[in-house]
Structures are given as structure tokens and as C-alpha cells.
Amino acid sequence: RQVLLKVPYTNFTMAMGWWHPYFFSDISGVQVLFSFLEIDGPASLVFALSAIFTLCLVDRYAAAGVQSARGTSTYIPLFFLQRLSGGLVMLVLMSFNIVLFVFTLVFLSLCEYVVQKRARSNNTL
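Residues numbered from 1 in each chain as written. Predicted model: local features only at pLDDT ≥ 70, side-chain atom pairs only at ≥ 80, totals over all residues. Heavy atoms only, no water.

Q: Can you walk me through the overall build of the protein chain in this structure?
A: Looking only at helices and strands, the protein chain has three helices and two strands in total. Start at the N end of the protein chain and walk to the C end: the helices and strands fall as β-β-α-α-α. Of all 125 residues assigned to the protein chain, the portion counted as buried reaches 31%. Restricting the contact set of the protein chain to residue pairs at least 6 apart, pairs at least 24 apart contribute 50%. (Helix = DSSP H or I, 4+ residues; strand = E, 2+ residues; numbered from the N terminus. Buried < 20%, exposed > 50% of the residue type's maximum accessible area, 1.4 Å probe, protein only. Contact = heavy atoms within 4.5 Å.)

Q: I keep staring at unusual backbone geometry and nothing clicks. Help me out?
A: Negative phi is the rule for most residues except glycine; trans is the rule for most peptide bonds. For L33, which is not a glycine, the phi torsion comes out positive at approximately 70°. Examined against the element boundaries, L33 turns out to sit in the loop between β2 (13–15) and α1 (42–68). L33 gets classed as partly exposed once you look at its relative accessible area, which sits at 36%. Phi angles above zero are rare outside glycine, and F96 is one such case at about 65°. On the accessibility criterion, F96 (24% relative accessible area) is partly exposed.

Q: Got a minute to help me understand the packing of aromatic side chains in this structure?
A: What characterises a pair of aromatic rings is the spacing of the ring centres plus the angle enclosed by the ring planes. Using the criterion set out here, one finds six aromatic pairs in the structure. An angle of 85° between the planes, with centres 5.2 Å apart, marks the rings of F23 and F101 as edge-to-face. Taken together, the residues span a long stretch of sequence, with F23 in the loop between β2 and α1 and F101 in helix α3 (residues 98–122) at a distance of 78 residues. Judged by relative accessible area, F23 falls into the partly exposed class, the value being 45%. (Phe/Tyr/Trp six-rings, centres within 6.5 Å; stacked < 30°, edge-to-face > 60°.)

Q: Looking at this structure, how should I read a nonpolar patch on the surface?
A: Nonpolar side chains collect at one region of the surface, where L33, F34, F36, M90, L91 and M94 lie side by side and expose about 620 Å² of accessible area between them. Here M94 lies in the loop between α2 (75–93) and α3. (Patch = residues over 30% accessible without salt bridge, like charges linked within 9 Å, V, L, I, M, F, W, Y side chains within 5 Å. Areas by Shrake-Rupley, 256 points an atom, 1.4 Å probe, with all protein chains shown as cover. Salt bridge = Lys/Arg side-chain N within 4 Å of Asp/Glu carboxyl O.)

Q: Can you help me understand the pattern of salt bridges in this one?
A: It is possible for side chains bearing opposite charge to pair when their charged atoms get close. A complete count under the given rule lists two salt bridges for this structure. R60 is the salt-bridge partner of E112, the closest N and O atoms lying 2.9 Å from each other. Here E112 is found in helix α3, whereas its partner R60 is found in helix α1, with 52 residues between them in sequence. Residues participating in the shared-partner salt-bridge network are D59, R60 and E112.

Q: Can you help me understand the packing of α2 against α3 in this one?
A: Angle between the axes and distance between the axes: these two values describe a pair of packed helices. Here α2 crosses α3 at 145°, and the two axes come no closer than 8 Å. Across the interface between the two elements, V89, V92 and L93 of α2 pack against L100, F101, T104, L105 and L108 of α3. Of the residues belonging to the contact of α2 with α3, the class tally is seven nonpolar, one polar and no charged. (Axes fitted to C-alpha atoms, helices over the stretch in contact; angles between N-to-C directions. Nonpolar A, V, L, I, M, F, W, Y, C, P; charged D, E, K, R; others polar.)

Q: How do you make sense of α3 when you look at a structure like this?
A: Residues spaced three or four apart along an α-helix face the same direction, because each turn holds 3.6 residues. Here α3 is 25 residues long and its end C-alpha atoms lie 36 Å apart, about the 36 Å a rise of 1.5 Å per residue gives. Among the structural elements, α1 and α2 are those in contact with the buried residues of α3. Taken from the residues just after α3, N123 is the one with a positive phi, measuring 55°. (Expected span 1.5 Å × (residues − 1).)

What follows is the structure in C-alpha cells.
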């Protein structure tokens, strides 16, 4: 089923495909960040969730690294990496798919826990 977006005071209609401007739970056909990364079965869901987990891990490590790298030459690359990964995580959340939303929040929390636990054990952050 195709959802159409009608824009007031214009003469065009835009097809929205799988995306809905509200939370929905059907995972089939959802595209994750790129049109070629479409969830169409269990294998692609596992791949998408693995990619999201990796993205969350990069984001949390980069965020922790930015805090400890202020004033050093690694600050700008870490800042860039954290903003990039954080923006991509935000776009996954903005898919409005409940399954991806919940998994992303769980992954972010788990990764933050891992980063903080490692920092406490190393006493570096």
C-alpha cells in the first residue's frame, strides 16, 4: 500500500513508500539508512540489527573519546566520527519503526554501559 503526502497549496503529491510519519511495527520492507538496505526477511533483519549495534558502539566510544581528547590532535576526528555516527543513529530512530526504535535504544544503553565499565576499569575517562 502506498501512502501519499499531500502538500497544501501545491500541485504535487509525493509517494512515501514504506515510511510513515507515525510509529508502526511492520518490519518488512523497511529501509535502513539506504534504499538498498531493505529488511525483507530474518537474515536482513539480523544484518540490519548488527549494523545498528555497530553504529551505536562507534557512537558511544567516539562520544567518550571526544571528552578525553579535548585539546589534542585526535579531538576533531573523534568529534566528526561522533557527530556522523550520532546523526546516523538519529536517522534510524526517525524511521518510526517500533522494532528498530526499541533495539536502537537498547543497543545505545548497552554500548554506553560497556564504554563506562571499560572506562572505570581503565580509569581513563
